[in-house]
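# Analysis of the macromolecular model
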Amino acid sequence: MPFQKVQPEKLSTSVVRQIEKLILRGILRPGERLPAERDLADRLGVSRPSLREAVAELQQDGLLTTRAGSGIYVADVLGSAFSPALIRLFGAHDEAVFDYLSFRRDMEGLAAERAARLGSDSDLKVIQAIFARMEAAQNRPNNVEEEARLDAQFHSAIIDASHNVVMLHMMRSMYDLLRQGVFYNRQVMFKQRTSRAALLDQHRAINTALQARDPAGARAAVEAHLDYVQGALEDQRRAERNEAIARQRLSRETGRDRSRG
């Protein structure tokens, strides 16, 4: 018969499994500091030697890291799916920017559909709370940076609520490239009053569909939002090219005036 004796699990192994799951599910994030050793041992209900053994194993596996005089942190488990040379290429060519938006449209549409179906009530409350902060932020002047930050949090919360750990980590890595300004500057999208109002309305539509647990509506709202973002970026790129041409013309006319003088 294919039965084996059940082996008792060491306390340190139980700690390892719990922390691994928290990192896998995105609850503990890269760069996040763990509580102090005494506090963490109390929370887990284990001795400090058992905790040290678990931490050492997680460090060896590359999931935790120690900073001298600071504490224990979640390691940068995301890293990057792309080489530095490819990231530079992404930033230099519009083709990559619009392919990135197309990729986000597909993935985030799917995530919103899943979140409406599979997200817990707590997931939806998180999304609602972030959207409420987005509404409040727009009523405050000169708040472009905060609006961009909340926009990123809103989209990340939808990915979290989709409850697919592979999608979660992949999209966090993609968002990190966006945060670094590799593809485009999110804050630019919030500089114009008309764009800010339109973006908030789009996020409202996404949130409304999610709270109603309408999978098709949530996906359609995300796709419409990212279609708008792509159109706005195309307009921005066109305006930048037109301005460059206009400056060349102005420079030529200024030079003519000087030669006549």
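This section reports on the structure supplied with the text.

Thresholds, definitions, all that
Residues numbered from 1 in each chain as written. Predicted model: local features only at pLDDT ≥ 70, side-chain atom pairs only at ≥ 80, totals over all residues. Heavy atoms only, no water. Helix = DSSP H or I, 4+ residues; strand = E, 2+ residues; numbered from the N terminus. Rg over C-alpha atoms; globule rule 2.2 N^0.38 Å. Buried < 20%, exposed > 50% of the residue type's maximum accessible area, 1.4 Å probe, protein only. Contact = heavy atoms within 4.5 Å. Areas by Shrake-Rupley, 256 points an atom, 1.4 Å probe, with all protein chains shown as cover. Core = buried A, V, L, I, M, F, W, Y, C linked by side-chain atoms within 4.5 Å. Salt bridge = Lys/Arg side-chain N within 4 Å of Asp/Glu carboxyl O. Phe/Tyr/Trp six-rings, centres within 6.5 Å; stacked < 30°, edge-to-face > 60°. Lys NZ or Arg CZ within 6 Å of the ring centre and 35° of its normal. Axes fitted to C-alpha atoms, helices over the stretch in contact; angles between N-to-C directions. Parallel < 35°, antiparallel > 145°, perpendicular 65-115°, else oblique. Left-handed = near helix turned anticlockwise from the far one by under 90°. Nonpolar A, V, L, I, M, F, W, Y, C, P; charged D, E, K, R; others polar.

## With respect to the overall build of the chain
Scanning the chain for helices and strands turns up 10 helices and two strands. Listing each helix as α and each strand as β along the chain from the N terminus yields α-α-α-β-β-α-α-α-α-α-α-α. Computed over C-alpha atoms, the radius of gyration of the chain comes to 24 Å, more than 25% over the 18 Å expected from 2.2 N^0.38 for 261 residues, which places it beyond the range of a compact globule. Projected onto the principal axes, the alpha-carbon positions of the chain cover approximately 95 × 45 × 45 Å. Evaluated residue by residue, the chain yields a buried proportion of 36% over its 261 residues. Counted over contacts in the chain with a minimum sequence separation of 6, partners at least 24 positions apart contribute 73%. Surface accessibility of the chain: about 15400 Å² in total, with carbon and sulfur atoms responsible for 51%.

## Side note on the nonpolar core
Formed by 45 residues in total, the largest nonpolar core has its most connected members in Ile158, Tyr184 and Leu210. Among the secondary structure elements, those contributing two or more residues to this core are α4 (84-92), α5 (94-118), α6 (121-138), α7 (144-161), α8 (165-179), α9 (193-211) and α10 (215-260). By residue number, the principal contributor to this core is α5, which donates nine residues. Apart from the residues within four sequence positions on either side, Tyr184 is in contact with Val97, Tyr100, Leu101, Arg104, Leu178, Met189, Val229 and Leu233. Counting residues in hydrophobic clusters, the runner-up holds 16 residues, among them Val16, Leu28, Leu34 and Leu58.

## A short note on the pattern of salt bridges
One pass over the full model with this rule turns up 19 salt bridges. Arg247 serves as the salt-bridge partner of Glu243, at 3.0 Å between the closest nitrogen and oxygen. Separated by four residues within a single helix, Glu243 and Arg247 lie in helix α10, roughly one turn from each other. Glu243 gets classed as partly exposed once you look at its relative accessible area, which sits at 39%. Each member of the salt-bridge network shares a partner with another, and the members are Arg105, Glu113, Arg219, Glu223 and Asp227.

## Topic: the environment of Leu178
Within the element layout of this structure, Leu178 appears in helix α8. Separated by 60 residues in sequence, Leu178 and Arg238 have C-alpha atoms that sit 21 Å apart. Apart from the residues within four sequence positions on either side, Leu178 is in contact with Tyr100, Arg104, Phe183, Tyr184 and Arg186.

## Focus on the packing of aromatic side chains
Scanning the model with the defined rule gives one aromatic pair in all. When the centroid spacing of 6.4 Å and the interplanar angle of 55° are considered together, the rings of Phe131 and Phe154 count as tilted. Residue Phe131 is located in helix α6, and its partner Phe154 is located in helix α7; the two are separated by 23 residues in the primary sequence. Directly above the ring of Tyr73 sits Arg67, whose terminal nitrogen or CZ lies 3.8 Å from the centroid.

## So, the packing of helix α1 (residues 11-24) against helix α3 (residues 48-60)
Taken N-terminus to C-terminus, the directions of α1 and α3 make an angle of 50°; their axes are 8 Å apart at the nearest point. Considered as vectors, α1 and α3 are oriented oblique to each other. Of the two possible hands of crossing, α1 and α3 adopt the one that is right-handed. Residues Leu11, Ser12, Val15, Val16, Ile19 and Glu20 of α1 lie in contact with α3, whose contacting residues are Ser50, Leu51, Glu53, Ala54, Glu57 and Leu58. When the residues that make up the contact of α1 with α3 are grouped by side-chain class, the tally is seven nonpolar, two polar and three charged.

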